[in-house]
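Chain and residue survey
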Amino acid sequence: MLVVIWECAGGKEIDLHAAHLRMLESKINNNVRFFFSFVPVLENVMVWRDFQHSYSYVFGDCATDLP
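First things first, this report covers the structure right here in the doc. These numbers come from a predicted model, not from an experiment. (Residues numbered from 1 in each chain as written. Predicted model: local features only at pLDDT ≥ 70, side-chain atom pairs only at ≥ 80, totals over all residues. Heavy atoms only, no water.)

Focus on the overall build of the chain
Filter applied, for reference: Helix and strand labels come from DSSP, where a helix needs a run of H or I of at least four residues and a strand needs a run of E of at least two; each type is numbered from the N terminus. When accessible area is computed with a 1.4 Å probe and restricted to protein chains, residues below 20% of their type maximum are described as buried, those above 50% as exposed, and intermediate ones as partly exposed.
Scanning the chain for helices and strands turns up zero helices and seven strands. Reading the chain from its N terminus to its C terminus gives the helix and strand order β-β-β-β-β-β-β. Taking all 67 residues of the chain together, 34% fall into the buried category.

Some remarks on the nonpolar core
What counts is decided by this rule: By convention a nonpolar core is built from buried Ala, Val, Leu, Ile, Met, Phe, Trp, Tyr and Cys residues, the set being connected through side-chain atoms within 4.5 Å. The criterion used for residue contact is that any of the two residues' heavy atoms lie within 4.5 Å.
Residues Ile14, Leu16, Leu21, Leu24, Phe36, Val39 and Leu42 are the most contacted members of the largest nonpolar core, which totals 15 residues. Discounting chain neighbours no more than four positions away, the residues touching Leu16 are Leu21, Leu24, Phe35, Phe36, Ser37, Phe38 and Val39.

Some points on the pattern of salt bridges
Going by this rule: Salt bridges, as used here, are contacts in which a Lys or Arg side-chain nitrogen is within 4 Å of a carboxyl oxygen on Asp or Glu.
Taken as a whole and assessed by the stated rule, the structure comprises two salt bridges. Where Lys27 meets Glu25, a salt bridge forms, and the shortest distance between an N and an O atom there is 3.5 Å. Glu25 carries the same exposure label as Lys27, and that label is buried.

Let's talk about the side chain of Lys27
What counts is decided by this rule: Pairing of N or O atoms within 3.5 Å defines a polar contact, subject to two protein rules: one partner must be a possible hydrogen donor and the other a possible acceptor, and residues neighboring in sequence count only if both atoms are side-chain atoms.
Along the chain, the position of Lys27 falls in the loop between strand E3 (23-26) and strand E4 (33-38). A distance of 3.5 Å separates the side chain of Lys27 from the side chain of Glu25, its partner in a polar contact.

Some points on the packing of aromatic side chains
To be explicit about the condition: A pair of Phe, Tyr and Trp rings is counted when the ring centres sit within 6.5 Å of each other, with Trp represented by its six-membered ring. The angle between the planes then sorts it: under 30 degrees is stacked, over 60 is edge-to-face, the rest tilted.
Considering all chains together, one arrives at one aromatic pair under this definition. A centroid spacing of 6.1 Å and a plane angle of 20° characterise the contact between Phe34 and Phe36, whose relative ring orientation is stacked.

So, the environment of Arg22
Here Arg22 lies in the loop between strand E2 (13-17) and E3. When the C-alpha atoms of Arg22 and Leu42 are compared, they prove to be 4.2 Å apart, with 20 residues separating the residues in sequence. Setting aside anything within four residues of it in sequence, one finds Arg22 in contact with Met1, Val41, Leu42, Glu43 and Asn44. Side chain to side chain, Arg22 and Glu43 meet in a polar contact 2.9 Å long.

Digging into the environment of Ser37
Position of Ser37 relative to the elements: it lies in strand E4. Measuring from C-alpha to C-alpha, the distance between Ser37 and Ala18 comes to 8.5 Å, with 19 residues separating the pair along the chain. Residues in contact with Ser37, not counting those within four places in the same chain, are Asp15, Leu16 and His17. Only 2.5 Å separates the side chain of Ser37 from the side chain of Asp15, close enough to count as a polar contact.

In structure tokens:
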């Protein structure tokens, strides 16, 4: 399963509970904190911060609790 997040206007946190999620792509410009509460088969996370550069790993305060 793939989830793509295109916009999160005004959002500050995204908490994921997805048993079958294998890939997450985030293409949002604002600073959102991700929590991966239950994603046991997650294999790939892609984050686009400015729509020109992508990051295959999330550093700093962007994500916590990755499996």
